[in-house]
Amino acid sequence: METRTQTIRRLNDELRKGRAPNGKIIITSGVQSLGAVAVARLVQAIAAFDQFNGDNDPHNENDFGAIDFSGNRVFWKIDYYDQSLEYGSEDPANPDITTRVMTIMLAEEY
């Protein structure tokens, strides 16, 4: 049986890898300006990211990452919302009440 943290981590990994039916990926204008081909490659690089550690993932939920991509520092962050995207989720481990949103941004946009 998975722990709550393991469930959150698995659901976050599913979103990051493009397998979450109730998740959304948002890219900022800076990322969009890299062009469609670069954005597609960036999304693939984020899906392949596996360098989680205590410094960048203190809660062990795989909800944040930073990578160098084509001369840019890129951050991505997963947040948890209710189904209406109006409030934070009451339980990020419950996919029936949670919509995951991954935002991909250039570090300079943070």
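In the block above lies the structure referred to throughout.
Residues numbered from 1 in each chain as written. Predicted model: local features only at pLDDT ≥ 70, side-chain atom pairs only at ≥ 80, totals over all residues. Heavy atoms only, no water.

A. View of the overall build of the chain. Along the chain, the regular secondary structure elements total three helices and four strands. Counting from the amino terminus, helix and strand elements in the chain follow one another as α-β-α-α-β-β-β. Against the 2.2 N^0.38 benchmark of 13 Å for 110 residues, the chain shows a C-alpha radius of gyration of 14 Å, consistent with a compact globule. The dimensions of the chain, computed from C-alpha atoms along their principal axes, are 40 × 30 × 25 Å. Across the 110 residues that make up the chain, the buried fraction comes to 40%. Of the accessible surface of the chain, which amounts to about 6,500 Å², a share of 50% is contributed by carbon and sulfur atoms. (Helix = DSSP H or I, 4+ residues; strand = E, 2+ residues; numbered from the N terminus. Rg over C-alpha atoms; globule rule 2.2 N^0.38 Å. Buried < 20%, exposed > 50% of the residue type's maximum accessible area, 1.4 Å probe, protein only. Areas by Shrake-Rupley, 256 points an atom, 1.4 Å probe, with all protein chains shown as cover.)

B. Examining the pairing of strand 2 (residues 64–69) more closely. Across six bridges, the pairing between strand 2 and strand 3 (residues 72–81) is antiparallel. Bridge pairing links Phe-69 to Asn-72 in strand 3. (Pairing = 2+ DSSP bridges.)

C. Region of the structure containing unusual backbone geometry. In the Ramachandran plot, Asn-60 falls in the positive-phi region, its phi being about 60 degrees despite a non-glycine side chain. Tracing the backbone through its elements, the reader meets Asn-60 in the loop between helix 3 (36–48) and strand 2. Of note, the phi angle at Ser-70 is positive, near 50 degrees, even though the residue is not glycine. Looking at where Ser-70 falls in the secondary structure, it is placed in the loop between strand 2 and strand 3.

D. How the structure looks around the sheet that holds strand 3. Ordered by their spatial adjacency, four strands build an open sheet running 1-4-3-2, and the pairing between neighbours is mixed. For this open sheet the edge positions go to strand 1 (23–27) and strand 2, each flanked by a neighbour on one side alone. Averaged over all pairs of adjacent strands, the angle between their axes in this sheet comes to 20 degrees, without regard to strand direction. Bridge analysis of strand 3 against strand 4 (residues 99–106) gives eight bridges, and the strand direction is antiparallel. (Axes fitted to C-alpha atoms, helices over the stretch in contact; angles between N-to-C directions.)

E. Seen up close, the nonpolar core. The biggest cluster of nonpolar side chains holds 19 residues, and the ones touching the most others in it are Leu-42, Ile-46, Val-74, Trp-76, Met-102 and Ile-104. Contributing elements (two or more residues each) for this core: helix 1 (4–16), helix 3, strand 2, strand 3 and strand 4. In contact with Ile-104, other than residues within four places in its own chain, are Ile-25, Ile-26, Ile-27, Thr-28, Val-31, Leu-42, Val-43, Ile-46, Val-74, Phe-75 and Trp-76. (Core = buried A, V, L, I, M, F, W, Y, C linked by side-chain atoms within 4.5 Å. Contact = heavy atoms within 4.5 Å.)

F. A look at the pattern of salt bridges. Tallied over the full model, the rule gives seven salt bridges. Glu-14 serves as the salt-bridge partner of Arg-10, at 3.2 Å between the closest nitrogen and oxygen. Separated by four residues within a single helix, Arg-10 and Glu-14 lie in helix 1, roughly one turn from each other. The class for Arg-10 is partly exposed, based on a relative accessible area of 35%. Across the pair Lys-77 and Asp-79 runs a salt bridge, and its minimum N-O distance is 3.8 Å. With relative accessibility at 27%, the residue Lys-77 sits in the partly exposed group. (Salt bridge = Lys/Arg side-chain N within 4 Å of Asp/Glu carboxyl O.)

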